[in-house]
Amino acid sequence: NSRQPIVAIDGPAGAGKSTVARQVAAALGLVYLDTGAMYRALTWLVLDSGIDINDLPAIAQLASSCQIQLASSTDLENPVRVWINDREVTQHIRSLEVTAHVSKVASQSAVRQELLRQQQRWGQKGGLVAEGRDIGTHVFPNAELKIFLTASVRERARRRQQDFEHQGQVTLTLEQLEKSIAERDFLDSTRELAPLQKAADAMEICTDGLSIAEVTAKIISLYHDLGY
Ligand code: CDP
Ligand code: CDP
């Protein structure tokens, strides 16, 4: 079997998935796949097209014909670049508007079907660190290593606030951020299709009080424990 291992990292918003997954991928020489960026790109397209967020057939239609490209540089200073239908949306997918609507779009069956297909294509040869909500449970249920990252809502809101401050963006209050994060947690974990859930065979790491380097080192050590 020449397939390279797959590391699946799931967890709620702000648990540190993107940051840690990218560092793990860079350290192990694996490809990094940000599946949230794909749901965000499609949500951007829905909003940009002027489609009503409740017009589910129109959203399904858009999903079934969308082409998403991702370029993850190993340079951690640069964002993952994202294109949908050949339009670059890197700078748009983290907006408050996309964030507010993404969980709704991601709950639709046609959307999940199409993005699942595109994500699994990335994993055909393995050699991937994939990060999202349903990687260990649905996208790559046979992943060699599954990690479930968590942290308290307060801690995750604080991290998001720091992100905004570092980017020189207007930040929401801690209370607003907690509310937005808790809402998305609720929608993502109670939806019918592929909800946010720890896979039975995932290792859970609570990142409260842990640095990025500590979490990264822990995952790399678990990976080496597997004999790779
Ligand atoms: O980075 P952050 O945690 O804020 O979110 P993200 O990973 O960019 O994901 C944005 C949204 O996409 C989530 O809140 C989910 O609704 C959806 N998503 C999903 O349903 N399944 C995935 N595998 C990844 C993201
Ligand atoms: O992808 P996800 O939404 O799970 O989280 P992220 O965007 O990777 O991380 C959110 C923020 O928390 C980033 O600014 C990280 O640098 C920070 N972070 C942290 O302070 N401590 C950790 N153990 C992990 C992430």
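Rules behind the numbers
Residues numbered from 1 in each chain as written. Chains lettered and ligands numbered in written order. Predicted model: local features only at pLDDT ≥ 70, side-chain atom pairs only at ≥ 80, totals over all residues. Heavy atoms only, no water. Helix = DSSP H or I, 4+ residues; strand = E, 2+ residues; numbered from the N terminus. Buried < 20%, exposed > 50% of the residue type's maximum accessible area, 1.4 Å probe, protein only. Core = buried A, V, L, I, M, F, W, Y, C linked by side-chain atoms within 4.5 Å. Contact = heavy atoms within 4.5 Å. Near = heavy atom within 4 Å. Polar contact = N/O pair within 3.5 Å; in protein donor to acceptor, adjacent residues only side chain to side chain. Areas by Shrake-Rupley, 256 points an atom, 1.4 Å probe, with all protein chains shown as cover. Nonpolar A, V, L, I, M, F, W, Y, C, P; charged D, E, K, R; others polar.

The name an unreviewed UniProt entry assigns to the chain is Bifunctional pantoate ligase/cytidylate kinase, from the organism Aliterella atlantica CENA595.

K.L.:
Go over unusual backbone geometry with me, naming the residues and quoting the values.
P.N.:
In this structure, Asn85 is a non-glycine residue whose phi angle is positive, near 45 degrees. With respect to the helices and strands, Asn85 occurs in the loop between β4 (81–84) and β5 (87–88). Of note, the phi angle at Ala194 is positive, near 45 degrees, even though the residue is not glycine. Ala194 gets classed as buried once you look at its relative accessible area, which sits at 10%.

K.L.:
Please set out the nonpolar core residue by residue, giving values where relevant.
P.N.:
Counting 56 residues, the largest nonpolar core has Val82, Ile84 and Ile219 as the members making the most contacts within it. Ranked by residue count, the leading element in this core is helix α2 (residues 35–48), at 8 residues. Apart from residues no more than four positions distant in its own chain, Ile84 is found in contact with Ala41, Leu42, Trp44, Leu45, Cys66, Gln67, Ile68 and Val89. Counting 5 residues, the second largest nonpolar core, distinct from the first, contains Phe164, Leu174, Leu177 and Ile181.

K.L.:
Quick rundown of the site of ligand 1? Include the residues and the values.
P.N.:
Residues in contact with ligand 1 amount to 20 residues; listed here are only the nearest, Arg40, Arg112, Asp134, Arg184 and Asp188. Within the side chain of Arg160, a nitrogen or oxygen atom sits 2.9 Å from an oxygen atom of ligand 1. Here an oxygen atom of ligand 1 and a side-chain polar atom of Asp188 are 2.6 Å apart. Contact with the protein chains covers 99% of the free accessible surface of ligand 1, which is 540 Å². Going through the elements one at a time, α2, α4 (96–106), β6 (128–132) and α8 (174–190) are the ones with two or more residues in the shell around ligand 1. Counting residues per element, the shell around ligand 1 draws most heavily on α2, which supplies 4 residues. A class-by-class count of the residues in the shell around ligand 1 yields 4 nonpolar, 5 polar and 11 charged.

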